[in-house]
Amino acid sequence: MTLSAPTAPAPKTAAAPPGRPAPPGRRSRHGRRRNRTALLFLAPFAVLFVGLYLAPIGYTIQQSLYEQHRSGLGLTAPSTTFAGLGNYATALGDAEFRTSLLRVLLIGAVQVPVMLAVALALALLLDAKQTMFKRFFRLAYFLPYALPGVIGAIMWSFLVAPRLSPISAAAEKLGLHLDLTSDGLLGPVIGNMLTWGWTGYNMLIIYAALQAIPPELSEAARMDGCSAFGIAWRIKIPMVRPALVLTTVFSIIGTAQLYNEPSILRNVAPNLSSTYTPISAAYSAVNAGNFNYAATESVILALLALVLSFGFLKFVQRKGAAL
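Residues numbered from 1 in each chain as written. Predicted model: local features only at pLDDT ≥ 70, side-chain atom pairs only at ≥ 80, totals over all residues. Heavy atoms only, no water.

## Points about the overall build of the chain
In step 1: For the chain, the helix and strand inventory stands at 13 helices and two strands.
In step 2: A buried classification covers 32% of the 323 residues belonging to the chain.
In step 3: In the chain, 65% of the contacts between residues at least 6 apart in sequence involve partners at least 24 apart.
In step 4: Roughly 21200 Å² of accessible area belongs to the chain as shown, and the carbon and sulfur atoms make up 68% of that amount. (Helix = DSSP H or I, 4+ residues; strand = E, 2+ residues; numbered from the N terminus. Buried < 20%, exposed > 50% of the residue type's maximum accessible area, 1.4 Å probe, protein only. Contact = heavy atoms within 4.5 Å. Areas by Shrake-Rupley, 256 points an atom, 1.4 Å probe, with all protein chains shown as cover.)

Now the structure itself:
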């Protein structure tokens, strides 16, 4: 009988001590699991973003590259042919559409700086320590934005209607004939409506940025003899610069989408054309059944808003780098 030597037990793999990184295989499995979890949470947003944002943009761009032709008396279904950039050339050659683009640019060039200056002034007043009844004034300034835009436009249409306007009636008592719906005053009236409706919204954004400024900075400047105006000009306004940039970009995009105010104002101002703004011109094309041309005008307007907003951001970034 032969006795065999006892077999030594296999050495156990020592567990990684705490504090050391996990093996590469375990790290990769953990990373893949974490990525799958993140993608699972992002999936609803991605589906809605693609379906409700990217897909309509892509479809609009596609439609702008085609045009419809009708033959005979127009009783048959129209045929769709590829037009390439032909619709864009037609739209840019349309004098009414170019005028609507220029009109919106002029309104925005005047109204946006005025509105943001008023919003900044109101925010600084609310942020001042000496201001009383801050909650009341904050709500009062914000209330015009809380009203639906259509309701505000209807209210202003009554205030500027030739036979109903109290402003025109007051001017008549002073011996002045003031028609707020004349061609020369339609732009200022619409700009005033936009300023009234959106100043409170921009004021809240700037006011929130002012609340984030450490109060020690103002106290130190006050101890050095700086006045309230100096504190606002040298400390507060430079520190809310990102909020001012944000509100400016929002205002540029919002002005490009101008539609409600001119559309409602046409009820009391028949001289206001149906193509007063680019969106109004696109709606007129839709009503005429020319959907491809309406898509073209919409794409041009979107590109204009994109160029203006990103151009402003690049300008601000270069100015900031220069400073």
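Having seen the model, we can carry on.
## Digging into the packing of aromatic side chains
In step 1: As enumerated under the stated definition, the model contains twelve aromatic pairs in all.
In step 2: Aromatic side chains Phe-45 and Phe-49 sit 5.7 Å apart centroid to centroid with 25° between the ring planes, which places their arrangement in the stacked category. Here Phe-45 pairs with Phe-49, and both are found in helix 1 (residues 24–64), just four residues apart, close to one helical turn.
In step 3: With relative accessibility at 55%, the residue Phe-45 sits in the exposed group.
In step 4: Ring pairing ties together the aromatic residues Phe-142, Tyr-145, Trp-198 and Tyr-201, which thus form one cluster.
In step 5: Just above the ring of Tyr-276 sits the side chain of Arg-103; from NZ or CZ to the centre is 4.3 Å. (Phe/Tyr/Trp six-rings, centres within 6.5 Å; stacked < 30°, edge-to-face > 60°. Lys NZ or Arg CZ within 6 Å of the ring centre and 35° of its normal.)

## Observations concerning unusual backbone geometry
In step 1: Non-glycine residue Phe-133 carries a positive phi angle of around 55°.
In step 2: By the secondary structure assignment, Phe-133 is in the loop between helix 3 (95–127) and helix 4 (134–146).
In step 3: Residue Phe-133 is classed as exposed on the basis of its relative accessible area of 59%.

## Some points on the environment of Glu-219
In step 1: Along the chain, Glu-219 turns up in helix 8 (residues 215–223).
In step 2: A relative accessible area of 32% means that Glu-219 is categorised as partly exposed.
In step 3: With twelve residues separating them in the primary sequence, Glu-219 and Ile-231 have C-alpha atoms 9.4 Å apart.
In step 4: Of note is the side chain of Glu-219, whose polar atom sits 2.7 Å from the side chain of Lys-129. (Polar contact = N/O pair within 3.5 Å; in protein donor to acceptor, adjacent residues only side chain to side chain.)

## A few points about the nonpolar core
In step 1: One finds Leu-186, Val-189, Ile-190, Leu-265, Leu-272 and Tyr-276 to be the most contacted residues of the largest nonpolar core, which totals 16 residues.
In step 2: Every element with two or more residues in this core is listed here: helix 5 (149–160), helix 7 (183–211) and helix 11 (260–265).
In step 3: Of all the elements, helix 7 adds the most residues to this core, at five residues.
In step 4: Formed by 15 residues, the second largest nonpolar core is a distinct cluster that contains Leu-124, Met-203, Ile-213 and Leu-244. (Core = buried A, V, L, I, M, F, W, Y, C linked by side-chain atoms within 4.5 Å.)

## A short note on the side chain of Thr-255
In step 1: Inspection of the secondary structure assignment puts Thr-255 in helix 10 (residues 241–256).
In step 2: Setting aside chain neighbours within four positions, we find Thr-255 in contact with Val-104, Gly-108, Gln-111 and Val-112.

## Here's the deal with the packing of helix 8 against helix 9 (residues 228–239)
Between two packed helices, both the angle of their axes relative to each other and the distance between the axes serve to describe the pair.
In step 1: At their nearest, the axes of helix 8 and helix 9 sit 10 Å apart, and the two run at 160° to each other. Relative to helix 9, helix 8 is oriented roughly antiparallel. As for the relative orientation of helix 8 and helix 9, their crossing is right-handed in sense. Mapping the contact onto sequence places Leu-217, Ser-218, Ala-221 and Arg-222 in helix 8 and Ile-231, Ile-235, Lys-236 and Met-239 in helix 9.
In step 2: Looking at the contact of helix 8 with helix 9, its residues break down into five nonpolar, one polar and two charged. (Axes fitted to C-alpha atoms, helices over the stretch in contact; angles between N-to-C directions. Parallel < 35°, antiparallel > 145°, perpendicular 65-115°, else oblique. Left-handed = near helix turned anticlockwise from the far one by under 90°. Nonpolar A, V, L, I, M, F, W, Y, C, P; charged D, E, K, R; others polar.)

## Details of the pattern of salt bridges
In step 1: Counted according to the given criterion, the structure contains three salt bridges.
In step 2: Its salt-bridge partner being Asp-127, residue Lys-236 comes within 2.8 Å of it at the nearest N-O pair. On the criterion of sequence distance, the pair formed by Lys-236 in helix 9 and Asp-127 in helix 3 is long-range, its members being 109 residues apart. As far as burial versus exposure is concerned, Lys-236 and Asp-127 are alike and both buried.
In step 3: Measuring nitrogen to oxygen at the nearest pair gives 3.3 Å for the salt bridge that ties Glu-219 to Arg-222. Separated by three residues within a single helix, Glu-219 and Arg-222 lie in helix 8, roughly one turn from each other. (Salt bridge = Lys/Arg side-chain N within 4 Å of Asp/Glu carboxyl O.)

## Side note on the packing of helix 3 against helix 10
In step 1: At their nearest, the axes of helix 3 and helix 10 sit 10 Å apart, and the two run at 145° to each other. Judged by the twist between their axes, the crossing of helix 3 over helix 10 is right-handed. Side by side, helix 3 and helix 10 meet where Val-104, Gly-108, Gln-111, Val-112, Met-115, Leu-116 and Leu-120 of the first sit next to Leu-244, Thr-247, Thr-248, Ser-251, Thr-255 and Ala-256 of the second.

## Concerning the confidence of the model for the chain
In step 1: Here the chain averages 86 in pLDDT, while 89% of its residues score no lower than 70.
In step 2: Per-residue pLDDT stays below 50 along residues 1–5; that stretch engages in zero contacts with residues further than four places along the chain or on separate chains. (pLDDT = per-residue confidence, 0-100.)

## A short note on a nonpolar patch on the surface
In step 1: A grouping of Phe-45, Phe-49, Val-50, Tyr-53, Leu-54, Ile-57 and Ile-61 is seen on the molecular surface, where their side chains present a nonpolar patch of about 640 Å² in accessible area.
In step 2: Counting through the fold element by element, Ile-61 comes out in helix 1.
In step 3: Residue Ile-61 is classed as partly exposed on the basis of its relative accessible area of 39%. (Patch = residues over 30% accessible without salt bridge, like charges linked within 9 Å, V, L, I, M, F, W, Y side chains within 5 Å.)

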